Amino acid sequence: MVEIKTPEQIAKMRAAGLVVAEALKACREAVAPGITTQELNDIADKVITDHGATSNFRAHHGGLWFPGVICASVNDEIVHGIPGERVLQEGDLISIDCGAILDGWHGDAAITVAVGETAAEHLQLSRVTEGSMWAGIAQMKKGNRLVDVSRAIESFIRRQPLPPKGKWGIVEGYGGHGIGTAMHMEPHVLNYVAGRGKGPKLIPGTVLAIEPMVTLGTPHSAVLEDDWTVVTTDKSWASHWEHSVAVTEQGPLVLTAFDGGRAELAKLGVTAAPDPLA
Ligand code: MG
Ligand code: MG
C-alpha cells in the first residue's frame, strides 16, 4: 500500500524537507580538503537540532544501528558510508545523504560534491547522476506510472556520451522509496526498467524519494565489514543524488529543494507545484 498524503500533510513534509535542504547546504559549503566526514556529520546534526527536528538516520534500520545523521560516501563508496575520522583529500568525490523528521514527517535527500578540484570524468559522473534524478522527477506527474520514473532515469543515463574511460553503471539492488510517516515505505523505486510491471499509478499525494546511484564502471556493489558502507566491486567511483518529491494536482513538488524544484524542472518544460509554505 502506498501512503497517500493530504495537501496539509504535504505542507508538513515540505517543512521537514527544508530542514534537510538546510543541512545539506551547510555540508556542501563546508566540504574542503582537510575536513573529516565526522565534522560534516556534526554540521548537519547542528542544523537538524537547531530546527527542532530529529535524525531519521541515527537509528536502527532493520536491527542495525547507524551512528550518523549523514551518510558520507567517498569515491568508490556508493552509499551508506559511516561518518568518521576520514580526512577528505583534494580530488575526492563525496556523496552526502541526510534526512530529518519534523512533526512526525520525514525528509531524505543526497548530493554529490567535489573536494577541491576533481577529475573531469568525476564531475561528469556527478552531472549525469543529478541529471538522471531530475529526468525522473519530471515524470512525477498525476496519471503517470512508477515505471515512467524508472524509465526516465535509465534512459537519461543511457543517452549520455560515455566517459573517456569506463562506462555508466546504474547500481543494482538499491533505489528510491516511498516516504512520509516513515523514511522507507512502499513502493521501491528502481533506477532502471526491470520486468513488465508498470508499478502503481502516481496519484496526487504520492511522495517518493528519487535517488539514482551511478558509477564509472560496474553496476555491482558489496557491503564492507562495517555492515554499512556500500562500495563498487571494481573500485570505480560513484555518485548519488536524491530528492523527496510529492505528486500534486499542480505538478511535482520537490520537498527537499529550496525552490521546490522550479528552476531545474523548468529546464525540462515542467512546471513545479507552488510551494505550500511560501
Ligand atoms: Mg537518502
Ligand atoms: Mg532515500
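Computed from a prediction, not measured in an experiment: that's the story for all the values here. (Residues numbered from 1 in each chain as written. Chains lettered and ligands numbered in written order. Predicted model: local features only at pLDDT ≥ 70, side-chain atom pairs only at ≥ 80, totals over all residues. Heavy atoms only, no water.)

### Focus on the overall build of the protein chain
- What the protein chain contains, in helices and strands, is 5 helices and 16 strands.
- Relative to the globule expectation of 19 Å for 278 residues, the C-alpha radius of gyration of the protein chain, 17 Å, shows essentially globular dimensions.
- Along the first, second and third principal axes, the C-alpha set of the protein chain runs to 45 × 40 × 35 Å.
- For the protein chain, the residues scored as buried account for 55% of the 278 residues in total.
- Summed over its atoms, the accessible surface of the protein chain is roughly 11,600 Å², and 54% of this surface lies on carbon and sulfur atoms. (Helix = DSSP H or I, 4+ residues; strand = E, 2+ residues; numbered from the N terminus. Rg over C-alpha atoms; globule rule 2.2 N^0.38 Å. Buried < 20%, exposed > 50% of the residue type's maximum accessible area, 1.4 Å probe, protein only. Areas by Shrake-Rupley, 256 points an atom, 1.4 Å probe, with all protein chains shown as cover.)

### Notes on the coordination of the magnesium ion (ligand 1)
- At the metal site, the magnesium ion (ligand 1) is ligated by Asp 97 (OD), Asp 97 (OD), Asp 108 (OD) and Glu 242 (OE), and these contacts range over 2.0 to 2.5 Å.
- Along the chain, the residues donating to the magnesium ion (ligand 1) fall in the pattern D-x10-D-x133-E.
- In this model, the magnesium ion (ligand 1) sits 3.1 Å from the magnesium ion (ligand 2), the two metals being bridged by Asp 108. With a gap of 134 residues between them, Asp 108 in strand β6 (residues 105–114) and Glu 242 in the loop between β14 (238–240) and β15 (243–248) connect regions that are remote in the sequence. (Donors = N, O, S within 2.8 Å, 3.2 Å for Na, K, Ca; no water.)

### Structural notes on the coordination of the magnesium ion (ligand 2)
- Taken together, Asp 108 (OD), His 177 (NE2), Glu 211 (OE) and Glu 242 (OE) make up the full set of protein donors to the magnesium ion (ligand 2), lying 2.1 to 2.2 Å away.
- All donors of the magnesium ion (ligand 2) belong to a single chain; written as a sequence motif, their spacing is D-x68-H-x33-E-x30-E.
- Owing to a relative accessible area of 2%, Asp 108 belongs among the buried residues under this scheme.
- By relative accessible area, which is 5% here, His 177 ends up buried.

### Overview of the nonpolar core
- Within the largest apolar cluster, 56 residues are counted, with the highest numbers of intra-cluster contacts made by Ile 94, Ile 96 and Ile 210.
- In contact with Ile 94, other than residues within four places in its own chain, are Val 31, Thr 37, Leu 40, Ala 72, Ser 73, Val 74, Leu 88, Ile 111, Thr 112, Val 113 and Val 115. (Core = buried A, V, L, I, M, F, W, Y, C linked by side-chain atoms within 4.5 Å. Contact = heavy atoms within 4.5 Å.)

Fair warning: the whole summary comes from geometry, so function is off the table for now.
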